[in-house]
Amino acid sequence: MDHATPARFLAAHETTASAPSLLLSGVTDALAKELRRQLPPPRTALRACVIIPAKDEATNLAATLAALDAQTTSTGHSLPAGSYEVIVLANNCLDDTAALVRRQAQRFPRLVLHVAELCLPNEHAHVGRARRLLMDEACARLECVGQPAGIIASTDADTRVAPTWLAAIQAETAAGADAVGGRILTEAAELDQEGLPALQRLQSRDAAYRLLCARLEDLLDPTAADPWPRHHQHFGASLAISARAYRRVGGLPAVRFLEDEALWQQLRRHDLALRHSPHVQVLTSARRDGRVEVGLSWQLREWLLLSQQQREPHVDNPVQLARQWQLRRQLRACWANTPGADTDALLTRLALPAATLLAQLSQCATFGQLWEWALAHSSSLTMAQVPLSEALLVLPRLIRSNYTAL
């Protein structure tokens, strides 16, 4: 596969999965009850619940928990005692992950740290189910102490959050964000030690492409909730959502992989305020033997294979992306009945039957639903792939031309 783009790996049967059967629902209910049984009641001061799914992570988890113990305000002061807690779900472990967490709880007595152990049955033994169980429980705990605006913050067991990670998330939610995707940086040292400079270059070029796309998108279709500077990531290693927003979208989709991407799609569908904050940062492992079927470790393996074969990845065509974002801005203006919106011109550009589009404009409850429908039905919004090197040449020109046009 040349086009190593995370959103493309969501199989249709994953993102459009039907409701679980009564049998599966009963199993998940039992798992949720067992998770809750192993946890003490939440403290009344709780304002943020950090969740970490962990499978055989005894080697990495100590550093992850140490970073969470070291959380401070933006001015370097300790966060109020009991204002946040950390819940680790040790699922299907063959090592001493749970024992390691308990030792860390003794090492960091000020950190409110809990661990639960579950053996998920085969059909549920994946990160989507583990993270869903944790986020459901975190939401319930925040609601229990009367904090619907409280934060459910997700990270991974091989990830070290910055000292102000939680404080920066709280600042973004206080400014109006319903959900926050944090910047995820990788351990460059691991790549250097393994003698993989080609892989590191490829990863850096991909990040440059996506940051340039974020800049171009901001120029063509800016949103008040996600102003520049911003980035492009909203993945489980650094992802936060308010309990209220989590309930509104029906929770995290319990898919086998890329459950974080599926959740972000649901948030967009509901027109929630989404922020890609450059101030919320984590450092994650560059290992290529990860615990999920598709994720960063999978991506690194794909890039390494391409570099070994002297091939380059293909990415979305920036020219077509620019057209897509321009049409999205015009469609949003028509949906919102913005003065001056040109519906007739939009009909021509989208190449859709007038009656069909007008019906959708009146029927869709959110713009997110309308845009999702347009992507599925308009031939004008289809996307081709181009070599990464070509995209990196085109994007700066598009940015300059649109910046000067403002």
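Everything below is about the structure printed above this text.
None of these values were measured; they are calculated from a predicted model.

Q: So what about the side chain of glutamate 172? Which residues, and what values?
A: You can see glutamate 172 is positioned in helix H6 (residues 165–174). For glutamate 172, the side chain forms a polar contact with the side chain of arginine 275, separated by 3.5 Å. Contacts of glutamate 172, omitting those with residues within four sequence positions, involve Ala177, Val180, Arg275, Ser277 and His279.

Q: Talk me through the pairing of strand S2 (residues 84–91); I want residue IDs and the actual numbers.
A: Within S2, eight of the eight residues are buried, which leaves the element mostly enclosed by the surrounding structure. Of the two faces of S2, the one lined by Tyr84, Val86, Val88 and Ala90 and the one lined by Glu85, Ile87, Leu89 and Asn91 are each fully buried. Relative to S2, strand S1 (residues 48–54) is paired through seven bridges, and the arrangement is parallel. Counted as the bridge partner of valine 50 is valine 86 from S2. Tracing the backbone out of S1, into helix H3 (residues 61–69) and back to the parallel element S2 gives a crossover that is right-handed. For S2 and strand S3 (residues 112–118), the ladder comprises seven bridges, and the chain directions are parallel. Residue pairing for S3: leucine 89 is matched across the bridge by alanine 116. As a crossover connection, the stretch from S2 through helix H4 (residues 97–107) into S3 is right-handed.

Q: Lay out empty space enclosed by the protein in plain terms, naming residues and giving numbers.
A: Taken as a whole, this structure holds one cavity of 30 Å³ or more when the rule is applied. As a volume, the largest cavity reaches approximately 40 Å³. As for the largest cavity, its lining consists of Leu79, Pro80, Ala81, Gly82, Tyr84, Arg110, Leu111 and Val112. In the lining of the largest cavity, the residues fall into six nonpolar, one polar and one charged.

Q: Describe the side chain of asparagine 91, with residues and values.
A: Residue placement: asparagine 91 occurs in strand S2. Not counting chain neighbours up to four residues away, the residues in contact with asparagine 91 comprise Ala54, Lys55, Leu118, Leu120 and Ala130.

Q: Run through the packing of helix H12 (residues 318–335) against helix H15 (residues 367–377), naming residues and quoting values.
A: Direction vectors running N to C along H12 and H15 enclose 135 degrees, while the axes themselves pass 11 Å from each other. By the angle between their directions, the pair H12 and H15 is classed as oblique. The handedness of the crossing between H12 and H15 comes out as right-handed. Judged by residue contacts, Gln324, Leu327, Arg328, Leu331, Arg332 and Trp335 of H12 engage Phe367, Leu370, Trp371, Ala374 and Leu375 from H15. Looking at the contact of H12 with H15, its residues break down into eight nonpolar, one polar and two charged.

Q: How would you explain H12 if you had to name every residue and give the values?
A: Along its 18 residues, H12 runs 25 Å from first to last C-alpha, staying within 8% of the 26 Å computed at 1.5 Å per residue. Those residues of H12 that sit buried are Pro318, Leu321, Ala322, Gln324, Trp325, Leu327, Arg328, Leu331 and Cys334. Looking at where H12 begins, the residue whose side-chain oxygen comes 2.9 Å from the main-chain nitrogen of valine 319 is asparagine 317. Asparagine 337, located one to two residues past H12, shows a positive phi value of around 55 degrees.

Q: Tell me about the sheet that holds S1, and please be specific about residues and values.
A: Ordered in space as S3-S2-S1-S4-S7-S6-S8-S5, the eight strands form an open sheet in which the pairing is mixed. Two strands lie at the open edges of the sheet, namely S3 and strand S5 (159–161), each paired on one side alone. Taking each pair of neighbouring strands and ignoring which way they run, the sheet shows an average axis angle of 25 degrees. Bridge count for S1 against strand S4 (residues 151–154) is four bridges, and the pairing is parallel. Within the sheet, the bridge partner assigned to alanine 48 lies in S4 and is isoleucine 151. Packing of H4 onto the sheet brings it into contact with S1, S2 and S3, and relative to S3 it is tilted by some 165 degrees.

Q: Pulling in residues and values, what's your account of the pattern of salt bridges?
A: Any two side chains of opposite charge can pair, on the condition that their charged atoms come close. Tallying each qualifying case throughout the model produces 21 salt bridges. The closest approach of N and O atoms between aspartate 136 and arginine 132, which form a salt bridge, is 2.8 Å. With a gap of four residues between them, aspartate 136 and arginine 132 both fall in helix H5 (residues 127–144), about one helical turn apart. Residue arginine 132 is classed as partly exposed on the basis of its relative accessible area, which comes to 21%. A salt bridge links glutamate 217 to arginine 230; the shortest N-O distance between them is 3.1 Å. You can see glutamate 217 sitting in helix H8 (residues 197–220) and its partner arginine 230 sitting in the loop between H8 and strand S7 (239–242), a full 13 residues away along the chain. Each member of the pair, glutamate 217 together with arginine 230, is buried.

Q: Residue-level account of the pairing of strand S8 (residues 274–284), with values.
A: Two elements, S5 and S8, share three bridges in a ladder whose sense is antiparallel. Following the sheet pairing, valine 161 is matched in S8 by valine 282. Inspection of the sheet shows strand S6 (residues 179–186) paired to S8 by eight bridges, in the parallel sense. Each residue of the ladder has a partner; that of threonine 186, found in S8, is threonine 284.

Q: Pulling in residues and values, what's your account of H15?
A: Looking only at H15, the buried set comprises Phe367, Gly368, Leu370, Trp371, Trp373 and Ala374. Against helix H10 (259–269), H12 and helix H14 (354–363) lie the buried residues of H15.

Q: Account for the nonpolar core, with residues named and values stated.
A: Looking at soluble globular proteins, one finds that nonpolar side chains tend to be buried together. The biggest cluster of nonpolar side chains holds 35 residues, and the ones touching the most others in it are Leu61, Leu65, Val86, Val88 and Trp165. With near-sequence residues (within four places) excluded, leucine 61 lies in contact with Ile52, Ala54, Val88, Thr97, Leu100, Val101 and Ala157. Grouped together as the second largest cluster of nonpolar side chains are 33 residues, Leu35, Leu46, Ile87 and Ala179 included.

Thresholds applied
Residues numbered from 1 in each chain as written. Predicted model: local features only at pLDDT ≥ 70, side-chain atom pairs only at ≥ 80, totals over all residues. Heavy atoms only, no water. Helix = DSSP H or I, 4+ residues; strand = E, 2+ residues; numbered from the N terminus. Polar contact = N/O pair within 3.5 Å; in protein donor to acceptor, adjacent residues only side chain to side chain. Contact = heavy atoms within 4.5 Å. Buried < 20%, exposed > 50% of the residue type's maximum accessible area, 1.4 Å probe, protein only. Pairing = 2+ DSSP bridges. Right-handed = clockwise from strand over helix to strand, strands pointing away. 1 Å grid on protein atoms, 1.4 Å probe; cavity = no way out; pocket = protein on both sides within 12 Å on 5 of 7 lines; lining within 4 Å. Points joined across faces, edges and corners; volume = space filled by probe spheres on them. Nonpolar A, V, L, I, M, F, W, Y, C, P; charged D, E, K, R; others polar. Axes fitted to C-alpha atoms, helices over the stretch in contact; angles between N-to-C directions. Parallel < 35°, antiparallel > 145°, perpendicular 65-115°, else oblique. Left-handed = near helix turned anticlockwise from the far one by under 90°. Expected span 1.5 Å × (residues − 1). Salt bridge = Lys/Arg side-chain N within 4 Å of Asp/Glu carboxyl O. Core = buried A, V, L, I, M, F, W, Y, C linked by side-chain atoms within 4.5 Å.

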